[in-house]
Amino acid sequence: MKQRINELALALTAKAVERRRDLHRHAEVAWTEFRTAALVADTLSALGYEVQAGAEVVAAEGMMGVPSAAELEKHAQRALAQGANPAWVEKMKGGKTGVVGILRTGKPGPTVALRFDIDANDVLESKEETHRPFRDGFASVNDGAMHACGHDGHTSIGLGVAEVLAGLKNELVGTIKLIFQPAEEGVRGAKAMVMAGVVDDVDVLLGLHIGFVLRRSGGICCRTSGFLATTKLDAVFTGVPAHAGGAPETGRNALLAAATAAVNLHAISRHSAGASRINVGVLNAGSGRNVVPANAVLKIETRGVTSAINEYVYEESVRIINAAAAMYGVKVSLAEMGGAAGCDSDAVLGDRLRQIAEDSGLFEEQVDRADLGGSEDCTYFMERVQQRGGLAAYMVVGSEIAAGHHDSRFDFDENVMPKAIAMVATAAVDLVKNPLTK
C-alpha cells in the first residue's frame, strides 16, 4: 500500500504543479475565495466525494473580519469572470467559502479529518524577473492578493490527497473528511467551521504547512508545537467634535481615550503560568488640528501560550478599553476580527506519524518537534477534536523558499508537493485501518 501511494502521488506531480500555479495566478484573500472554493468543490464532486459547502460548513456567527456585502459581491463577480462554477458561488454567498469533502467507505471505522487552508495574503506580488511566478507567467492577476504563504500549495496537496484516496476507497474503512478552510490569514476562518460542527464527529485530525520553520526541502516535522492562542480586536471610539479653541469643553476626545487605552494595554501584567503578549498595532484618530477628535480606532492583538492565558489578556484588554472610554466620556464598540486557540499536537499521534514518515522513504530529515512560535487557526479544529476525546497533530513539510512567508517574493519548492501528498494519504489510510486512542 505504501509503495502504491508513493507511485500514485508521484504520478500526480505535473497535475499538482499545474493546479498550484493556476491557484497562485488567481489568488483570493479571506472570505473572497469563491473561485478557489468552487474549483475544490468541483474537483471533489468529480472524484465521488460527498461535498458540503457554504452555510452547511460555515456558521455565520463565527465569521470574523468579513468584508462588506458590496466587497463580497464584487469578488463573487470577479470569480465568475475567472471561470468559477456559478452554482457553487451562489451557495457560498456572504463569503461562506468553506468546503468539506467526505469519503464514506460504508465500513465501520474511525473518522479521520485532513485540513487544508485555501486563502491568499493581502500582498502586492513582486514583478521582478528574479521572482519565478512573475518570470514564468503565473503571478497573481488579482491586485493586492498573493499566495505568499504557500496555501496554493496546501490546496493542491489536498486535492492530490483526495484523488489518491478516492482511488483506494474500496480498500479503506471508516470515513475520511477533507476540510478546505477559508480565511486562515488573520486567523478568521476556522472558528466558523468549528461552530458549524464540521469536526464534531472526528476521531483524528491532521493539519500541515509547507516551509515555515523547516526551510530546507527533504525534511518533515510530525509534531509541531508552540501555537499561541490569539484574539484580534478592533476598538472604535466615538466622541463629540468641538472647536478646539472656541468651545473645547463641549467636545469628547476620542483620541485621548484611545491613547490612554493604548498606553495602559501595554501595562497589563504578564501571566505567571506562561508567555503572554499584547500589541497595539494601529491607532487612527482625528480629523483636523483645530477639532477635538470625535473618532478613533485601535487595532490590537492579544496572545497567550494557552487559550486560558490569552483569555486573561483579552479580558484585561476589554476592561482597560472600556475604562479609558468612560474616563473621557466617549462610547466604544469592540469587534473580534480574528482568533486562534492554544494547543499542542498529541504525542502518541506525532509518534505514529513519525514512524509513517520514516517508513515512507520520502524524507531525508526528521525533526522531533518544531516550535511554531506564532498563531494558526487550525488550532480551533485541533482543540475541538481533543476536547471531544480525539487526537490531533500538525505537520510541517520542509521546503526551500525564495523569501520569507508573507513576502512579495515568496515562492516554494514545488517538488515537495508529491511527497506531502503521499505522506498525508499514507497517514490517512494508516489511521483509519489501525486506529489510535489516547
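All of the points below concern the structure found in this document. Keep in mind the model is a prediction, meaning the values are calculated, not measured.

### Comments concerning the overall build of the chain
The helix and strand tally for the chain stands at 13 helices and 14 strands. A compact globule built from 438 residues should have a C-alpha radius of gyration of about 22 Å, and the chain, at 23 Å, falls within 12% of that. Reported as C-alpha extents along the three principal axes, the dimensions of the chain are approximately 80 × 50 × 40 Å. When each of the 438 residues of the chain is scored for burial, the buried share is 58%. Contacts in the chain between residues far apart in sequence, at least 24 positions, make up 85% of those at least 6 positions apart. Here the chain displays about 17000 Å² of accessible surface, and carbon together with sulfur accounts for 50% of that area. Across the chain, 44 positive and 53 negative side-chain charges occur, with their mean positions spaced 2 Å apart.

### Observations regarding the packing of helix 7 (residues 151-167) against helix 13 (residues 416-433)
Remark: helix 7 packs on helix 13, axes separated minimally by 9 Å, with the N-to-C direction vectors making an angle of 50 degrees. By the angle between their axes, helix 7 is oblique relative to helix 13. Handedness of the helix 7/helix 13 crossing: right-handed. Residue-level contacts link Gly 153, Ser 156, Ile 157, Gly 160, Val 161, Val 164 and Leu 165 of helix 7 to Met 417, Ala 420, Ile 421, Val 424, Ala 425, Ala 428 and Val 429 of helix 13. When its residues are assigned to classes, the contact of helix 7 with helix 13 shows 11 nonpolar, three polar and no charged.

### Looking at the state of the cysteines
Applying the stated rule across the entire model yields zero disulfides. Here Cys 149 stays unpaired: no disulfide links it, and the sulfur of Cys 378, its closest cysteine neighbor, is 13 Å away. Classification of Cys 149 by relative accessible area gives buried; the value is 4%. Note on Cys 222: no disulfide assigned, nearest cysteine sulfur contributed by Cys 221 at a separation of 6.7 Å.

### A few points about helix 4 (residues 69-81)
A rise of 1.5 Å per residue sets the reference length of helix 4, with its 13 residues, at 18 Å; its end C-alpha atoms lie 18 Å apart and thus fit the reference within 8%. Within the span of helix 4, buried status applies to Leu 72, His 75, Ala 76, Arg 78 and Ala 79. End-on view of helix 4: buried residues confined to an arc of 160 degrees, all on one side of the axis. In helix 4, the exposed residues that point more than 90 degrees away from the buried face are Ala 69, Ala 70 and Ala 81.

### A few points about the pairing of strand 3 (residues 111-117)
For strand 3, the buried fraction is high: seven of the seven residues fall into the buried class. Along strand 3, one buried face is formed by Thr 111, Ala 113, Arg 115 and Asp 117 and the opposite face, lined by Val 112, Leu 114 and Phe 116, is buried too. Inspection of the sheet shows strand 3 paired to strand 4 (residues 175-181) by seven bridges, in the parallel sense. Bridge pairing in strand 4 places Val 112 opposite Ile 176. Note: strand 3 against strand 5 (residues 204-210), four bridges, orientation parallel. Bridging across to strand 5, Arg 115 finds its partner in Gly 207.

### Section: the sheet that holds strand 14 (residues 391-397)
Here eight strands make up an open sheet; going across it, the order is 1-2-4-3-5-14-6-12 and the pairing mixed. Here the strands that pair on one side only, and so sit at the sheet edges, are strand 1 (50-53) and strand 12 (365-367). Within this sheet the neighbouring strands show an average axis-to-axis angle of 20 degrees, counted without direction. On top of the sheet, helix 7 reaches strand 2 (99-104), strand 3, strand 4 and strand 5; it is set at about 150 degrees to strand 3, its chief contact. Against the sheet, helix 11 (residues 347-360) engages strand 5, strand 6 (219-221), strand 12 and strand 14, with an angle of about 40 degrees to strand 14.

### Notes on helix 9 (residues 254-265)
The terminal C-alpha atoms of helix 9 lie 16 Å apart, and with 12 residues this matches the ideal 16 Å at 1.5 Å per residue to within 8%. Taken together, the buried positions of helix 9 are Ala 254, Ala 257, Ala 258, Thr 260, Ala 261, Ala 262 and Leu 265. Turning to helix 9, the residues buried within the fold contact strand 8 (229-238), strand 9 (276-285), strand 10 (295-304) and helix 10 (307-327).

### A look at the sheet that holds strand 8
What the four strands build is an open sheet, ordered 9-10-8-11; its pairing is antiparallel. Two strands lie at the open edges of the sheet, namely strand 9 and strand 11 (331-340), each paired on one side alone. On average, each strand axis in the sheet is tilted by 15 degrees relative to the strand beside it, whichever way the strands run. Of the pairings in the sheet, the one linking strand 8 to strand 10 comprises 10 bridges and is antiparallel in character. The partner of Ala 235 across the bridge, within strand 10, is Leu 298. Relative to strand 10, helix 9 is tilted by about 15 degrees, and along the sheet it contacts strand 8, strand 9 and strand 10.

### So, the packing of aromatic side chains
One pair of aromatic rings is described through two measures. These are the centre distance and the angle between the planes. Considering all chains together, one arrives at two aromatic pairs under this definition. Consider the rings of Phe 227 and Tyr 394, whose centres lie 5.2 Å apart with planes at 85 degrees: the pair is edge-to-face. With Phe 227 in strand 7 (residues 224-227) and Tyr 394 in strand 14, the pair connects residues that are 167 residues apart, well separated along the chain. Neither Phe 227 nor Tyr 394 differs from the other in exposure class; each is buried.

Rules and cut-offs
- Residues numbered from 1 in each chain as written.
- Predicted model: local features only at pLDDT ≥ 70, side-chain atom pairs only at ≥ 80, totals over all residues.
- Heavy atoms only, no water.
- Helix = DSSP H or I, 4+ residues; strand = E, 2+ residues; numbered from the N terminus.
- Rg over C-alpha atoms; globule rule 2.2 N^0.38 Å.
- Buried < 20%, exposed > 50% of the residue type's maximum accessible area, 1.4 Å probe, protein only.
- Contact = heavy atoms within 4.5 Å.
- Areas by Shrake-Rupley, 256 points an atom, 1.4 Å probe, with all protein chains shown as cover.
- Lys, Arg positive; Asp, Glu negative; His and termini not counted.
- Charge placed at Lys NZ, Arg CZ, Asp CG, Glu CD.
- Axes fitted to C-alpha atoms, helices over the stretch in contact; angles between N-to-C directions.
- Parallel < 35°, antiparallel > 145°, perpendicular 65-115°, else oblique.
- Left-handed = near helix turned anticlockwise from the far one by under 90°.
- Nonpolar A, V, L, I, M, F, W, Y, C, P; charged D, E, K, R; others polar.
- Disulfide = S-S within 2.5 Å.
- Expected span 1.5 Å × (residues − 1).
- Arc of directions from axis to C-beta.
- Pairing = 2+ DSSP bridges.
- Phe/Tyr/Trp six-rings, centres within 6.5 Å; stacked < 30°, edge-to-face > 60°.

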